[in-house]
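Topology and contacts: notes
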Amino acid sequence: MPLYLIPKPPPHFTDSARSIPPRAPPAMALLHLLHKTATTILNSSKPHIFSSSSHFSTSFLITKTPKKFKKKRKKKDSPRTNLVQTQPNLVRHFENILLRDAHFRFLTKAKEFLSKQPQQVLLLDEAGKLHQQLGFPRGRKVIRSIQRHPLIFQTYRHTDNKMWFGFTDFMDELLREEQGIMNELERERVDVVRKLLMMSVNKRIPLSKIYHNRLLFGIPEDFRDRVAKYPNYFRVVVEEDGKRVLELVNWDPTLAMSALEKEFLVDEDKVKKAFKFPMKHGKELELDVEGERKLNMLNTLPLVSPYSDGSKLDLWTLEAEKYRVGVIHEFLSLTLEKRAYIHNIVEFKDELCLTKHTYQMLLKQPWTFYLAGTEMNWCVFLKDAYGEDGVLINKDPQIEFNEKLYMYAEMQELESESYISKK
């Protein structure tokens, strides 16, 4: 039947028919039903299998790997923590000396810093900001370090109602004793500075370098003013940039003899065994141990004097290395404790013609030098200056005073009898 001949439905039938969806194909009907069911479940207020408040427990599931099954990550090597010496080669009494330095860092730094302050006192609030200058751990309260040494430091409230800290009366007495020691040893310290100048390239060293390392050699705080008393030995020159440089006036041949040369006159065999500069040779020589030792001895001696002009030597020759070894040996022999940290040595690098390979050079001489500490902050010792118990064989009066100061710093109260006996 043609379409134009189909009769139209009545109005009431047409309106109701529009509300009934047309029949959909079977696949479309199934998708429509699934979509409607999922929407009903997600919008439902009741808990369902995807809800966090489901009554099903998941505690039996292992969400993290247990520690015993985790692989331990190896810490990266760092010069800050890597020890110079391996475990079999550690010499405990040398390492303990560095631990003692760390233990008394606040004592030594605070003593030096306070001594230069007006009236030798410091505001406690200001002291808390000077962790580097006073040597206490960053982030810690300075009062904790002060209370560790009650015989040395004290805190008090001033009339301005602020807390200050300074030396105790007992410490003031010890400082006067130390000043007397420095006055008595002034001529010896002058000779030490003269020998340093004689070893330097141009026989001149900036006064600031000597001042920064004064504790290493036992030089007093006011040495820069005391040099004016010795015009026959020293001359202070002010350069264009304002730097004050100490120059040697007269060369003294009696001082130009190193400690190693003096020891050679006493015990020649001991000095011969102190250093090794191996000589390369072919296998065809077929040398035994004794023959190789005699061959190497040709390279070992004679050593180049540290008071010769090292700047004229070719940098990488055997003579230049002998010179640098001798310079380090003489430099350490002039120190109070026959040892020095890397920052002390680097301070005089240009004046003593040293290279950046000083660390490797000293490691090749284990019979004479011992390197302690870490690769970033190592300390070199003269082994022969110490006994088997790690105690200095010849103690300077300043060293004896320092040891007494350490003893009192560890005490919580003063024992009068022990104090009288120590005096």
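What you see is a predicted model; the values in this text were computed from it and never measured. Throughout this document, residue positions are counted from 1 along each chain, in the order its sequence is written. For a predicted model such as this one, the threshold for reporting local features is a pLDDT of at least 70, and the threshold for listing and counting side-chain atom pairs is 80 or more; totals across whole chains, interfaces and linings nevertheless cover every residue. For the side-chain quantities, the full set of heavy atoms in the structure was used; hydrogens and water were omitted.

Description of the pairing of strand E6 (residues 244-248)
Applied cut-off: The buried label applies to any residue whose accessible area, calculated with a 1.4 Å probe on protein chains only, is under 20% of its type's maximum; exposed applies above 50%, and partly exposed to all values in between. Elements are defined by DSSP. Helices are runs of H or I of four residues or more, strands are runs of E of two residues or more, and each kind is numbered from the N terminus. Only strands that DSSP links by at least two bridges are regarded as paired with each other.
Burial runs high along E6: four of the five residues are buried. With three bridges connecting them, strand E4 (residues 204-206) and E6 associate as antiparallel partners. For proline 206, the partnering residue across the bridge sits in E6 and is valine 245. As paired elements, strand E5 (residues 234-238) and E6 share five bridges and run antiparallel to each other.

Let's talk about helix H19 (residues 397-410)
Since the α-helix turns once every 3.6 residues, residues separated by three or four places project in the same direction. Just so we agree on the cut-off: Helix span, expected: 1.5 Å multiplied by one less than the number of residues in the helix. Two N or O atoms count as a polar contact when they lie within 3.5 Å, although within protein this holds only if one can serve as hydrogen donor and the other as acceptor, and sequence-adjacent residues are included solely when both atoms are side-chain atoms.
Here H19 spans 21 Å end to end across 14 residues, near enough to the 20 Å set by a 1.5 Å rise per residue. Turning to H19, its buried residues are Gln398, Ile399, Phe401, Asn402, Lys404, Leu405, Tyr406, Tyr408 and Ala409. Sitting at the head of H19, aspartate 396 places a side-chain oxygen 2.8 Å from the backbone nitrogen of glutamine 398.

Side note on the nonpolar core
Most often, soluble globular proteins keep nonpolar side chains buried together rather than apart. Quick reminder of the rule: Among buried residues, those of type Ala, Val, Leu, Ile, Met, Phe, Trp, Tyr and Cys that are joined through side-chain atoms within 4.5 Å constitute a nonpolar core. Here, residues are in contact when the closest pair of their heavy atoms is within 4.5 Å.
Core analysis: the largest hydrophobic core is formed by 64 residues, its most contacted members being Phe217, Leu246, Phe331, Phe369, Trp378 and Phe381. Counting residues per element, this core draws most heavily on helix H9 (residues 186-199), at seven residues. Excluding residues within four positions of it along the chain, phenylalanine 369 makes contact with Phe275, Val325, Ile328, His329, Leu332, Leu362, Val380, Phe381, Leu382 and Lys383. Counting 31 residues, the second-largest nonpolar core is a separate cluster that includes Leu130, Leu174, Phe401 and Ala409.

A closer look at the sheet that holds strand E3 (residues 163-167)
Applied cut-off: A fitted line through C-alpha atoms serves as each axis, taken over the contacting stretch for helices, and the angle formed by two N-to-C directions is quoted from 0 to 180°.
Across the sheet, which stays open at both edges, the three strands sit in the order E1-E3-E2 with antiparallel pairing between neighbours. Unpaired on one side and paired on the other, strand E1 (121-123) and strand E2 (153-157) mark the two borders of the sheet. Strand-to-strand twist of the sheet, defined as the mean angle between neighbouring strand axes without regard to direction, takes the value 30 degrees. The sheet contact formed by E1 and E3 spans three bridges and is antiparallel. By the bridge assignment for E3, valine 121 is matched with glycine 166.

Structural notes on the pattern of salt bridges
This is how it is decided: Throughout this description, the term salt bridge denotes a Lys or Arg side-chain nitrogen within 4 Å of a carboxyl oxygen of Asp or Glu.
All told, the structure shown has 22 salt bridges when counted by the stated rule. Ionic pairing is found between lysine 364 and glutamate 321, a salt bridge with its closest N-O pair at 3.1 Å. Residue lysine 364 is located in the loop between helix H18 (358-363) and strand E8 (369-373), and its partner glutamate 321 is located in helix H16 (residues 318-333); the two are separated by 43 residues in the primary sequence. Looking at glutamate 321, the relative accessible area reads 16%, which means it is buried. For the salt bridge of glutamate 403 with lysine 395, the shortest nitrogen-to-oxygen distance reads 3.0 Å. What you see here is one network of salt bridges that share partners, running through Lys111, Glu112, Glu178, Arg214 and Glu221.

Topic: the side chain of arginine 339
Here arginine 339 shows up in strand E7 (residues 339-341). For arginine 339, a relative accessible area of 6% puts it in the buried group. Ignoring anything within four residues of it in the chain, the contact list for arginine 339 reads Ile97, Leu98, Arg100, Asp101, Leu216, Leu332, Cys379, Val380, Phe381 and Tyr386.

All quantities given are derived from atomic positions and should not be read as evidence of function.
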